[in-house]
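Spelled out, the chains give:
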Amino acid sequence: MNTQFRKGAIEMCILALISCQERYGYELVQAIGQYTEINEGTVYPILRRLTQEEYVSTYLVESPHGPARKYYRITAKGEKHLEALKGEWISLSQIVNSILGGEHHDKE
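Anyway, here's the lowdown on the structure attached to this text. (Residues numbered from 1 in each chain as written. Predicted model: local features only at pLDDT ≥ 70, side-chain atom pairs only at ≥ 80, totals over all residues. Heavy atoms only, no water.)

Moving on, we come to the side chain of Glu 27. Looking at the element boundaries, Glu 27 is found in helix 2 (residues 25–33). In this structure, Glu 27 is in contact with Gln 21, Glu 22 and Tyr 71, ignoring residues within four places of it in sequence. (Helix = DSSP H or I, 4+ residues; strand = E, 2+ residues; numbered from the N terminus. Contact = heavy atoms within 4.5 Å.)

And the structure:
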């Protein structure tokens, strides 16, 4: 799969997961990993960018099993961004499904 396309889809998945439940980074890797192969090297740069763009905010929670965990929480700006991404995804997937399903008509 095209790397840029995959990163965009992963970004949307990360925001969707965080919108349902605040999570820490490795927890996101595990959640997405249930559906597709992914590693921390893909997720953490996306989380950093989402934080810089103020789509998510962070807070620390002490852990009894090691260092404090950085949790991610979606912001109002992030919720709006997620809704826009979902709309784009639905539109694009309908177009692709139509073409793949043979519903396209060549204009000649």
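Here the focus is the packing of aromatic side chains. Within the structure shown, the criterion is met by two aromatic pairs. Residues Tyr 59 and Tyr 71 carry aromatic rings whose centres are separated by 5.6 Å and whose planes lie at 15° to one another, so their mutual orientation is stacked. Here Tyr 71 lies in strand 3 (residues 66–74) and Tyr 59 lies in strand 2 (residues 56–63), a separation of 12 residues in the sequence. Linked through ring pairs, Tyr 24, Tyr 59 and Tyr 71 together constitute an aromatic cluster. (Phe/Tyr/Trp six-rings, centres within 6.5 Å; stacked < 30°, edge-to-face > 60°.)

Together, Phe 5, Trp 89, Ile 90, Leu 92, Val 96 and Leu 100 make up an exposed nonpolar region whose accessible area comes to about 570 Å². For the nonpolar patch, the leading source of residues is helix 4 (residues 76–100), giving five residues. Its location among the elements puts Leu 92 in helix 4. Overall, Leu 92 belongs to the partly exposed group, its relative accessible area being 38%. (Patch = residues over 30% accessible without salt bridge, like charges linked within 9 Å, V, L, I, M, F, W, Y side chains within 5 Å. Areas by Shrake-Rupley, 256 points an atom, 1.4 Å probe, with all protein chains shown as cover. Salt bridge = Lys/Arg side-chain N within 4 Å of Asp/Glu carboxyl O. Buried < 20%, exposed > 50% of the residue type's maximum accessible area, 1.4 Å probe, protein only.)

As a further point, take the pattern of salt bridges. This model, assessed by the stated rule, comprises four salt bridges. A salt bridge links Arg 49 to Glu 11; the shortest N-O distance between them is 2.6 Å. Here Arg 49 is found in helix 3 (residues 40–52), whereas its partner Glu 11 is found in helix 1 (residues 3–20), with 38 residues between them in sequence. A relative accessible area of 9% means that Glu 11 is categorised as buried. The closest approach of N and O atoms between Arg 49 and Glu 53, which form a salt bridge, is 3.4 Å. The exposure class assigned to Arg 49 is partly exposed, which follows from its relative accessible area of 30%. Take Glu 53: its relative accessible area is 29%, and that puts it in the partly exposed class.

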